[in-house]
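Here is what each chain is made of, one letter per residue.
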Amino acid sequence: AWARAPPPAALPGLPDAPPSTCAAAGCGMWGPPGHCSCSWNCPTFGNCCPDYKGFCLATCKQMGCGRFVSGSNCSCAESCSKTGDCCPDYIGTC
């Protein structure tokens with residue numbers, strides 16, 4: 001098997017097509033060429049999956065503590081308490 005490929009016995013259980021949502025692919029993940037992406041840069045390239053903003057940019061659990069991701073509705077940066085734009089889970093997560 002090549003670099004980190006699943007063993008042949010696992011192939012029948014894998015989907016035939018790449019995920020088409022961030023809920024399935026995971027936030028921060030690039031999609032293959034020609035498919036949507038959930039990477040933090042997808043807005044720049046215009047290839048975000050339909051659920052990107054709602055799924056990946058709504059909580060600190062999704063974005064990561066200490067971060068503000070452009071286009072998000074809230075922040076997980078330390079300065080969010082001063083700017084008043086902390087994500088709802090900032091205190092409990094960060």
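Residues numbered from 1 in each chain as written. Predicted model: local features only at pLDDT ≥ 70, side-chain atom pairs only at ≥ 80, totals over all residues. Heavy atoms only, no water.

1. Some remarks on the nonpolar core
- Of all hydrophobic cores here, the largest spans 16 residues; its most connected members are Cys22, Tyr52, Met63, Cys76 and Cys87.
- Of all the secondary structure elements, the ones that give two or more residues to this core are helix 3 (52-56) and helix 4 (60-63).
- Residue contacts for Cys76: discarding those within four places in its chain leaves Thr59, Cys60, Met63, Gly64, Cys65, Gly66, Arg67, Cys87 and Tyr90. (Core = buried A, V, L, I, M, F, W, Y, C linked by side-chain atoms within 4.5 Å. Buried < 20%, exposed > 50% of the residue type's maximum accessible area, 1.4 Å probe, protein only. Helix = DSSP H or I, 4+ residues; strand = E, 2+ residues; numbered from the N terminus. Contact = heavy atoms within 4.5 Å.)

2. Topic: the side chain of Asp89
- Take Asp89: it is sitting in the loop between helix 5 (80-83) and helix 6 (90-93).
- Here Asp89 occupies a buried position and makes no salt bridge, while the nearest side chain of opposite charge, Lys61, is found at 7.6 Å.
- Among the polar contacts made by the side chain of Asp89, one reaches the main-chain amide nitrogen of Lys61 at a distance of 3.1 Å.
- Those residues in contact with Asp89 that sit more than four places away from it in its chain are Thr59, Cys60, Lys61 and Cys94. (Lys, Arg positive; Asp, Glu negative; His and termini not counted. Salt bridge = Lys/Arg side-chain N within 4 Å of Asp/Glu carboxyl O. Polar contact = N/O pair within 3.5 Å; in protein donor to acceptor, adjacent residues only side chain to side chain.)

3. Quick notes on the confidence of the model for the protein
- Per-residue confidence for the protein gives a mean pLDDT of 84; residues scoring 70 or more make up 83%.
- Mean pLDDT across the elements of the protein bottoms out in helix 1 (residues 22-25) (88) and peaks in helix 6 (96). (pLDDT = per-residue confidence, 0-100.)

4. Some remarks on the packing of aromatic side chains
- In total, this model carries two aromatic pairs according to the counting rule given.
- On the numbers, 6.5 Å between centres and 55° between planes, the contact of Trp40 with Tyr52 is tilted. A residue pair is termed long-range when its members are at least 10 positions apart, and Trp40 in the loop between helix 1 and helix 2 (42-45) and Tyr52 in helix 3 qualify at twelve residues.
- Residue Tyr52 is classed as buried on the basis of its relative accessible area, which comes to 4%. (Phe/Tyr/Trp six-rings, centres within 6.5 Å; stacked < 30°, edge-to-face > 60°.)

5. What to know about the environment of Pro19
- Position of Pro19 among the secondary structure elements: in the segment before helix 1.
- Distance from Pro19 to Ser37, taken between C-alpha atoms, is 9.2 Å for residues 18 residues apart in sequence.
- Among all residues touching Pro19, those that are not within four sequence positions of it are Ala24, Ala25 and Cys36.

6. Observations concerning the state of the cysteines
- One pass over the structure, following the stated rule, counts eight disulfides.
- For Cys22, the disulfide goes to Cys38, at an S-S distance of 2.2 Å. The sign of the S-S torsion, about -105°, decides the handedness of the disulfide formed by Cys22 and Cys38: left-handed. Taken together, the residues span a long stretch of sequence, with Cys22 in helix 1 and Cys38 in the loop between helix 1 and helix 2 at a distance of 16 residues.
- By relative accessible area, Cys22 is classed as buried at 0%.
- Taking the relative accessible area as the measure of exposure, Cys38 reaches 1% and is therefore buried.
- Here Cys80 pairs with Cys86 through a disulfide, and the sulfurs are 1.9 Å apart. Disulfide Cys80-Cys86: torsion about the S-S bond near 90°, hence right-handed.
- Among the residues examined, Cys80 registers a relative accessible area of 0% and is labelled buried. (Disulfide = S-S within 2.5 Å.)

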